[in-house]
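# Coordinates in review
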Amino acid sequence: MRTADNEKESRLVSVVPSDRQLSLMQREFYAFAHFTVNTYTNREWGDGTEKESIFDPVKFDARQWVKAVKAAGMKGIILTCKHHDGFCLWPSKYTDHTVAGSPFKGDVVKEVSDACHEGGIGFGVYLSPWDRNSKLYGQSKAYDDYFVNQLEELLSNYGEVFSVWFDGACGEGPNGKKQYYDWNRYYETIRRLQPGACIHVCGPDVRWCGNEAGHTRVSEWSVVPERTRDTEKIASDSQQSDDTSFREREIKASDEDLGSYGLICDEDKLVWYPAEVDTSIRPGWFYHSEEDGDVKTPEELFDLYETTVGGNTTLLLNIPPTREGLFHSKDVEALEALGRMIGETYRDNLLERAKLSSDTDDGVHDVSGIRKDDYDTWYGTSDYTRTARITATFDKEYTLNRVVLKENVKLSQRIEGFRVIAYRGGREVFVYEGTVVGYKKIVRIPAVAADRIEIEVLDSRVAPAISFVGVY
Ligand code: FUL
């Protein structure tokens, strides 16, 4: 057990999300769509020499994408408006390497953003800083001007944008030169034109989880050292970091523990930097017909959803459009089945049929609000109590296999250890012990018959602030 320290813990819980970060966490699950000339060359990385004429999605229908995405319960699409090959899915004024030179002629960005807005989901922009086509690449300010001009087009002409996704991949351009990106200028442009948009990966708002395989850490923290963020930026900025004193030791995106109390309690600068897991429904990011048999099954997708969204990260799931410009029927079927599984599992919160109580005498908030999923009601104990217990006694015995816990993250991430205990006729039938909760924790337990559930917070910073409990 760690030594309690009121002052250090108070400092930790003063680190909270911005409004844009909060909105993104509430979005929970959204799609990536990787679409460019690679879809036609059957490659994953284009080299910038592809002819515009190969881009020809004859049945392109962004509404079909949105429908499929919504069926799975996703709340947005981030489109690769420009990938490393430099081909623009919109008719950019600043280059000829765009859809305008293709038989398609239209504006993919416009159609996808319109369909998203019409369907009531968010639209996000992936714009690769690495551009293997632009002659300006590697000429510092000239390329930065070009890149900022493109950002301005995308952030001014397509309505509200919830996300700008900056990839860390950075190599040579067509002149064999590398570019040193003026990140701060890019960030300022985004804040000025789309203040509600989060900047992901090589950016200050959303942290890359460190892999592309869909793995979430056992304990995923949102309050982490500020240098976690700097490292991401520096890493993508190529060999610029050569000082490695112990204090400034690198924290890699792949490290297992980024924010437990012991690790960060003496850290100078802390930030709210929540994780996002990005992975593809197929082996590749782009569509390859030979992968039609490798679409993740609904069960695999459901597992991915529960471990990521239910593990204090957001989930960015890639669905690559085909050469025709549609989501493949296999992907659509998997997404629809996933949506049904999520809907069925989480439809009926058994807590609605329970008597709730807290036996912690100094409870500062009424416990009854926690069966409703909102942040206005939350349950906590008075400051520096660190523990809490909530008991739900059901009207009869139920078979259950999921417990969902949420913290009111407006008050930071506080819980470091908890337990869920299920009882039947006064006897313990199952115990689950966990670490973090954060925005959302989905506790999966084997189906048990129980008539009472106890949620015990074993340790938290200052005091817990639980905003939701669901039992299914
Ligand atoms: C990587 C890229 O190189 C891949 O092509 C893909 O876009 C993935 C999301 O990020 O860094």
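Residues numbered from 1 in each chain as written. Predicted model: local features only at pLDDT ≥ 70, side-chain atom pairs only at ≥ 80, totals over all residues. Heavy atoms only, no water.

### A closer look at unusual backbone geometry
The bulk of non-glycine residues show a negative phi, and the bulk of peptide bonds are trans. The phi torsion at K105 lies on the positive side, around 65 degrees, for a residue other than glycine. Examined against the element boundaries, K105 turns out to sit in the loop between β2 (76-82) and α5 (108-119). Assessed through its relative accessible area of 57%, K105 is described here as exposed. (Helix = DSSP H or I, 4+ residues; strand = E, 2+ residues; numbered from the N terminus. Buried < 20%, exposed > 50% of the residue type's maximum accessible area, 1.4 Å probe, protein only.)

### Concerning the sheet that holds strand β9 (residues 275-280)
Here we have eight strands laid out as an open sheet, ordered β5-β4-β3-β2-β1-β10-β9-β6, and parallel in their pairing. Edge positions in the open sheet fall to β5 (198-201) and β6 (207-208), since each of these has one partner strand only. Taken together, the three bridges between strand β1 (residues 29-33) and β2 define a ladder with parallel strand orientation. Within the sheet, the bridge partner assigned to A31 lies in β2 and is I77. This element, helix α2 (residues 19-27), spans β1, β3 (122-127), β5 and β10 (313-318) of the sheet and lies at about 65 degrees to β5. (Pairing = 2+ DSSP bridges. Contact = heavy atoms within 4.5 Å. Axes fitted to C-alpha atoms, helices over the stretch in contact; angles between N-to-C directions.)

### What about the packing of helix α6 (residues 140-156) against helix α7 (residues 183-193)?
At a minimum axis separation of 10 Å, α6 and α7 run at an interaxial angle of 20 degrees. The angle between α6 and α7 falls in the class roughly parallel. Crossing of α6 over α7 shows right-handed handedness. Contact with α6, carried on its side by K141, D144, D145, F147, V148, L151, E152, L155 and S156, involves R185, Y186, T189, I190, R192 and L193 of α7 and no other residues of that element. Here the residues of the contact of α6 with α7 sort into seven nonpolar, two polar and six charged. (Parallel < 35°, antiparallel > 145°, perpendicular 65-115°, else oblique. Left-handed = near helix turned anticlockwise from the far one by under 90°. Nonpolar A, V, L, I, M, F, W, Y, C, P; charged D, E, K, R; others polar.)

### Here's the deal with the domain arrangement of the protein chain
Examined at the domain level, the protein chain breaks down into domain 1 (6-345) and domain 2 (350-471). Of note, the centres of domain 1 and domain 2, computed from C-alpha atoms alone, are 33 Å apart. Between domain 1 and domain 2, the residue contacts involve 33 residues of the former and 25 residues of the latter. Carbon and sulfur atoms make up 53% of the area that domain 1 and domain 2 hide from each other, which totals about 2,300 Å². Between domain 1 and domain 2 we count five salt bridges in total. For E9, the salt bridge identified is with R386, shortest N-O distance 2.7 Å. Viewed at the interface, domain 2 and domain 1 are joined by 18 residue pairs in polar contact (both at pLDDT 80 or more). Taken together, the elements giving at least two residues each to the side of domain 1 that touches domain 2 come down to α1 (6-13), α2, α9 (261-264) and α10 (298-308). Taken together, the residues of the side of domain 1 that touches domain 2 sort by class into 16 nonpolar, 12 polar and five charged. (Domains from an automatic or database assignment. Buried area = accessible area lost by both parts, 1.4 Å probe. Salt bridge = Lys/Arg side-chain N within 4 Å of Asp/Glu carboxyl O. Polar contact = N/O pair within 3.5 Å; in protein donor to acceptor, adjacent residues only side chain to side chain.)

### What to know about the site of the ligand
Taken together, the residues surrounding the ligand are F32, H34, W45, H83, H84, Y126, W165, D167, A169, E212, D278 and W285. Between H84 and the ligand, the recorded distance is 2.9 Å, taken from a side-chain N or O atom to an oxygen atom. Y126 is positioned with one of its side-chain polar atoms (N or O) 3.4 Å from an oxygen atom of the ligand. Within the complex, the protein chains bury 90% of what would otherwise be the 300 Å² of accessible surface of the ligand. Its residues placed into classes, the shell around the ligand shows six nonpolar, three polar and three charged. (Near = heavy atom within 4 Å. Areas by Shrake-Rupley, 256 points an atom, 1.4 Å probe, with all protein chains shown as cover.)

### Digging into the pairing of strand β15 (residues 427-434)
Relative to β15, strand β14 (residues 415-424) runs antiparallel, the two being bridged by seven bridges. Across the sheet, the residue bridging to F418 is G434, located in β15. The turn linking β14 back onto β15 is made up of two residues, and G425 within it adopts a positive phi angle of 55 degrees.

### Quick word on the layout of surface pockets
In this structure, the second largest pocket encloses a volume near 250 Å³. If you trace the second largest pocket, you find 15 residues lining it, with R217, V218, T307, Y432 and K441 closest to the centre. Of all elements in the fold, only α10, β15 and β16 (441-460) reach the threshold of two or more residues within the lining of the second largest pocket. The biggest single contributor to the lining of the second largest pocket is β16, with three residues. Of the residues that constitute the lining of the second largest pocket, the class distribution is three nonpolar, eight polar and four charged. Each of domain 1 (6-345) and domain 2 (350-471) gives at least three residues to the lining of the second largest pocket. (1 Å grid on protein atoms, 1.4 Å probe; cavity = no way out; pocket = protein on both sides within 12 Å on 5 of 7 lines; lining within 4 Å. Points joined across faces, edges and corners; volume = space filled by probe spheres on them.)

### With respect to empty space enclosed by the protein
Tallied over the entire structure, the rule returns one cavity of 30 Å³ or more. Forming the boundary of the largest cavity are M25, E28, P274, A275, N312, T313, T314 and Y439. Partitioned by chemical class, the residues of the lining of the largest cavity number four nonpolar, three polar and one charged.

### As for the pattern of salt bridges
Any two side chains of opposite charge can pair, so long as their charged atoms come close to each other. Enumeration over the complete set of coordinates arrives at 31 salt bridges. R43 is the partner of D47 in a salt bridge, and the nearest nitrogen-oxygen pair spans 3.6 Å. A relative accessible area of 36% places R43 in the partly exposed class. E306 is the partner of R402 in a salt bridge, and the nearest nitrogen-oxygen pair spans 2.6 Å. Of this pair, R402 sits in strand β13 (residues 388-407) while E306 sits in helix α10; the two residues are 96 residues apart in sequence, bridging distant segments of the chain. A residue is classified by how much of its surface remains accessible, and R402, at 12% relative accessible area, is buried. Among the residues examined, E306 registers a relative accessible area of 2% and is labelled buried. By sharing partners, the salt bridges in this structure join R2, E9, R386 and D459 into a single network.

### As for the pairing of β9
β9 sits mainly inside the fold: six of its six residues count as buried. Burial of the side chains of β9 extends over both faces: A275, V277 and T279 are buried on one face and E276, D278 and S280 on the other. Here two bridges tie β6 to β9, and the two strands are oriented parallel to one another. For W208, the partnering residue across the bridge sits in β9 and is E276. Relative to β10, β9 runs parallel, the two being bridged by six bridges. Looking at the pairing, T279 lines up with L317 of β10. In terms of handedness, the path from β9 via α10 over to β10 forms a crossover that is right-handed. (Right-handed = clockwise from strand over helix to strand, strands pointing away.)

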